[in-house]
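Coordinates in review
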Amino acid sequence: MTPDKASELKKKIAQLKGLMTAYSTDGRRPEQPHEYEELYREVALDLEDAKYGNPNPYKSLEVFYGYVRSEELKTYASRRTCISKLYEDLLLELSRAERQEKPSKVWAKANDALEDELALVRVQWLKARNFLQSNTPDFENSVKESISCVESTLRILLQQPKATLGNLLKEANLDSDIERLISQAYGYASNRDAVRHGGTKPSTLTKLEAEFFLEFAGSSIAYITARLKSNGGSDA
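Calculation notes
- Per-chain numbering applies: the sequence of each chain, read as written, is numbered from 1 onward.
- pLDDT decides what is reported in this predicted model: residues at 70 or higher carry local features, side-chain atom pairs at 80 or more are listed and counted, and totals for whole chains, interfaces and linings draw on all residues regardless.
- Calculated side-chain values reflect all of the structure's heavy atoms, with hydrogen atoms and water omitted.
- For each residue, the accessible area found with a 1.4 Å probe, counting protein chains only, is set against the maximum for its type, and the residue is called buried under 20%, exposed over 50%, and partly exposed in between.
- Each helix is a run of H or I in the DSSP string that is no shorter than four residues. Each strand is a run of E no shorter than two, and both are numbered from the N terminus.
- This arc corresponds to the set of directions leading from the helix axis out to the C-beta atoms.
- In this description, contact between two residues means that some pair of their heavy atoms is separated by no more than 4.5 Å.
- For every residue, the predictor assigns a confidence score, pLDDT, that lies between 0 and 100.
- Stacked, tilted and edge-to-face are the three classes applied to pairs of Phe, Tyr and Trp rings, where Trp contributes its six-membered ring and a pair requires centres within 6.5 Å; stacked means planes under 30 degrees apart, edge-to-face means over 60, and tilted covers the rest.
- Our definition puts a charge over a ring when NZ of Lys or CZ of Arg is within 6 Å of the ring centre and also within 35 degrees of the ring normal.
- What makes a salt bridge here is a side-chain nitrogen of Lys or Arg within 4 Å of a carboxyl oxygen of Asp or Glu, nothing more.

On to helix α4 (residues 76-86). Three or more residues of α4 are buried, namely R79, C82, I83 and L86. Looking straight down α4, one finds that the buried residues subtend no more than 95° of arc, so they occupy a single side. In this structure, the buried residues of α4 make contact with α1 (3-24), α3 (61-70) and α5 (88-98).

It is worth spelling out the confidence of the model for the chain at this point. Per-residue confidence for the chain averages 91 on the pLDDT scale, and 92% of its residues sit at or above 70. Element-level mean pLDDT values for the chain span from 89 in helix α10 (residues 176-191) up to 97 in α1. Low pLDDT (under 50) marks residues 196-200, which in the prediction has 11 contacts with non-local residues, meaning those over four places away or in another chain.

For the rest of this paragraph, the subject is the packing of aromatic side chains. The tally for this structure, following the rule as stated, stands at 8 aromatic pairs. Their ring planes at 85° and their centres at 5.6 Å tell us that F212 and F213 sit as a pair that is edge-to-face. By relative accessible area, F213 is classed as buried at 4%. The aromatic ring of Y65 is capped on one face by R28, whose charged end is 4.7 Å from the ring centroid.

Here we come to the pattern of salt bridges. For the structure on display, the rule yields 14 salt bridges. In this structure, D177 and R180 form a salt bridge, with 2.3 Å as the shortest nitrogen-oxygen distance. In this pair, D177 and R180 both sit in helix α10, 3 residues apart, roughly one turn of the helix. Taking the relative accessible area as the measure of exposure, R180 reaches 45% and is therefore partly exposed. Three or more residues are tied together by salt bridges with common partners; here these are K12, E42 and D46.

Okay, the side chain of E93 next. In this fold, E93 is placed in helix α5. With a relative accessible area of 5%, E93 lands in the buried category. Other than its neighbours up to four places away in sequence, E93 contacts Y52, L126 and R129.

So, in structure tokens, the structure goes:
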């Protein structure tokens, strides 16, 4: 994405956030639902073209307000915080695009592979990188999201949304050595304090480990999607 397009998209997102804020606080107007739906479609298409996941599942202001009510976000401040967090990762990425910062080749290759039904994983995949590269990095959550993206990819491609990674790997019929590596990486993440489960000791993960898992997960995603989409996971 060019810096100009990134800046334009940030402006549209700011407009969307403004409409969401006004409708859920004290600035509601009758024309806002139509304005929102038109702008939402524009942003969704821009994100699809740029191969970014859409973090906003609310296609109408009424649906968003229903969510706000169901979650009992009673104060205006809590609603503004909810809206701000919704686009947090995407806006960070667009700021990088404005500065013409590029992700690693492996991360980008995996992101390109996360298309069609896998586009849902792109939001999670960006989150994994942002946890690593933000001004206040969170290496534990970066590793967690990286490995979870591999699991999510398998669940979607194999149409088994609740299956465990072990069962997914068996059904995927991947190269046995690669299958073992993915399983071991998942086991490593599961056994580390403060990564996949709460820990009793401070985490000792460093940037080096988080970078390794992000790149490993990217390679795994690229391999899995190519393998399963080309032959359904069969060795034939």
